[in-house]
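# Remarks on the overall topology
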Amino acid sequence: MISFVMPIHNEEEGISKFLDEEFLPIVQEISGYEKEIILVNDGSTDKTLSILQEYAKKNKEIRVVALSRNFGKEPALSAGIYVARGDAIITIDADGQQPPKLIPKFIEKWEKGAEIVTGVRDKYTKHGLIPKLGSKLFYRLLKMMGSKSTVPGSTDFRLIDRVVADEFNKLSEHNRITRGLIDWLGFRQEYIYYIYGVRMAGKPSYSFKKLVHLAVDSFVSMSTTPLVIFGYIGIMITIFSFMLGMFIIIQQYILGDPLGLKWNGAVQMTVFITFLVGLVLISQAITALYISHIHAESQGRPLYIIDKKESRNLK
Ligand code: UDP
Ligand code: MG
């Protein structure tokens, strides 16, 4: 069975057109598999839910998951993946920006052995300047900040195998970025490049503020590098001001100021205080590391993920 998961929030203007003209015809053409289409209504405040329920009445392959309120796209995706029963699960946006035409290609790669097939936006097309810069910057920063292997332009247009979905369902953190978590899980991943389309109707729900939140969340949940950087700055400041302090003591008090610098008390005080600032930064970084360890534990991620398909004679 192949499952399709679609997170949907306030898409009344475009959803029928997208389902009737783009998505469902493509799905119908896929043969050789049972199919289910999971439409996750993420607390829409317009008529979206009743539209979806109409579809479910007419088409037995369509299942509607109605969340109790708007949780956001990431939790909506997770809910859909949890409910899905397929051997492969394909996630796709409801606004037509991710072309359903490509679905057969995802399935082809999966049939050839890929366990994750991720759609990657070819360039950051047809998006305003800020989201464009934003997402480039976002991925560059993610990489710099030590997150493992998020390919720039990765989107949530994706196929995951049952084994990946089972492991994904075990993850318990609340602040989740599906992309990052899927990368963290490992498994055999392949990519499909596509041109990001224009919204069929309505407005994107991700405001700039939400995007910034998303970015901060991914830094905080995927890495500790920002904390450690300040620790290193602290170490440098400490070493530098210590040497400067020694220089003052030797030059001025032991050798009797042969260079004639006549550095007064204010200068000495400044050097001393800088030294203390260095120490404070170091101790802050150490505290931060403790916190990050506690944070890692409280996330409750499993220590390792077993690839059940590739292991032998385990049970
Ligand atoms: N979405 C959702 N919950 C939200 C926001 C968005 O389920 O709180 C859905 C939305 O209906 C769409 C998909 O997630 O199907 C992508 O949303 P959007 O187009 O707003 O984001 P972008 O295209 O900028 O990634
Ligand atoms: Mg969109």
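Refer to the structure above for everything that follows.
Residues numbered from 1 in each chain as written. Chains lettered and ligands numbered in written order. Predicted model: local features only at pLDDT ≥ 70, side-chain atom pairs only at ≥ 80, totals over all residues. Heavy atoms only, no water.

## A short note on the pattern of salt bridges
- Here the structure, examined in full by the defined rule, presents twelve salt bridges.
- For Arg-158, the salt bridge is made with Asp-156, and the minimal N-O distance between the two is 3.2 Å. Note on accessibility: Arg-158 and Asp-156 belong to one class, buried.
- Here the residues in one salt-bridge network are Lys-73, Asp-93, Asp-156 and Arg-158, joined through shared partners. (Salt bridge = Lys/Arg side-chain N within 4 Å of Asp/Glu carboxyl O. Buried < 20%, exposed > 50% of the residue type's maximum accessible area, 1.4 Å probe, protein only.)

## A short note on the side chain of Gln-98
- When you line up the elements, Gln-98 lands in the loop between strand 4 (88-91) and helix 4 (103-111).
- Judged by its relative accessible area of 1%, Gln-98 is buried.
- A distance of 2.9 Å separates a polar side-chain atom of Gln-98 from the backbone nitrogen of Asp-93.
- The residues contacting Gln-98, other than those within four sequence positions of it, are Ile-92, Asp-93, Thr-155, Asp-156, Phe-157, Tyr-194 and Tyr-196. (Helix = DSSP H or I, 4+ residues; strand = E, 2+ residues; numbered from the N terminus. Polar contact = N/O pair within 3.5 Å; in protein donor to acceptor, adjacent residues only side chain to side chain. Contact = heavy atoms within 4.5 Å.)

## Details of unusual backbone geometry
- Residues other than glycine seldom take positive phi values, yet Asn-10 does so here, at roughly 45°.
- Here Asn-10 is to be found in the loop between strand 1 (2-8) and helix 1 (15-29).
- Owing to a relative accessible area of 29%, Asn-10 belongs among the partly exposed residues under this scheme.
- Non-glycine residue Asp-257 carries a positive phi angle of around 55°.
- Owing to a relative accessible area of 17%, Asp-257 belongs among the buried residues under this scheme.

## A closer look at the coordination of the magnesium ion (ligand 2)
- Protein coordination of the magnesium ion (ligand 2) is provided by Asp-95 (OD) and Gln-97 (OE1), with donor distances spanning 1.9 Å.
- We classify Asp-95 as buried; its relative accessible area is 7%.
- The exposure class assigned to Gln-97 is buried, which follows from its relative accessible area of 8%. (Donors = N, O, S within 2.8 Å, 3.2 Å for Na, K, Ca; no water.)

## A short note on the nonpolar core
- Within the largest apolar cluster, 35 residues are counted, with the highest numbers of intra-cluster contacts made by Phe-4, Met-6, Leu-19, Phe-23 and Ile-103.
- Going through the elements one at a time, strand 1, helix 1, strand 2 (35-41), helix 2 (48-58), strand 4, helix 4, strand 6 (154-161) and strand 7 (189-194) are the ones with two or more residues in this core.
- No other element matches the seven residues that helix 1 contributes to this core.
- Residues contacting Ile-103, with those up to four places away along its chain left out, are Phe-4, Phe-23, Ile-26, Ile-30, Ile-90, Ile-92 and Phe-157.
- Leu-67, Val-164, Phe-168 and Leu-185 belong to the second largest nonpolar core, which has 21 residues in total. (Core = buried A, V, L, I, M, F, W, Y, C linked by side-chain atoms within 4.5 Å.)

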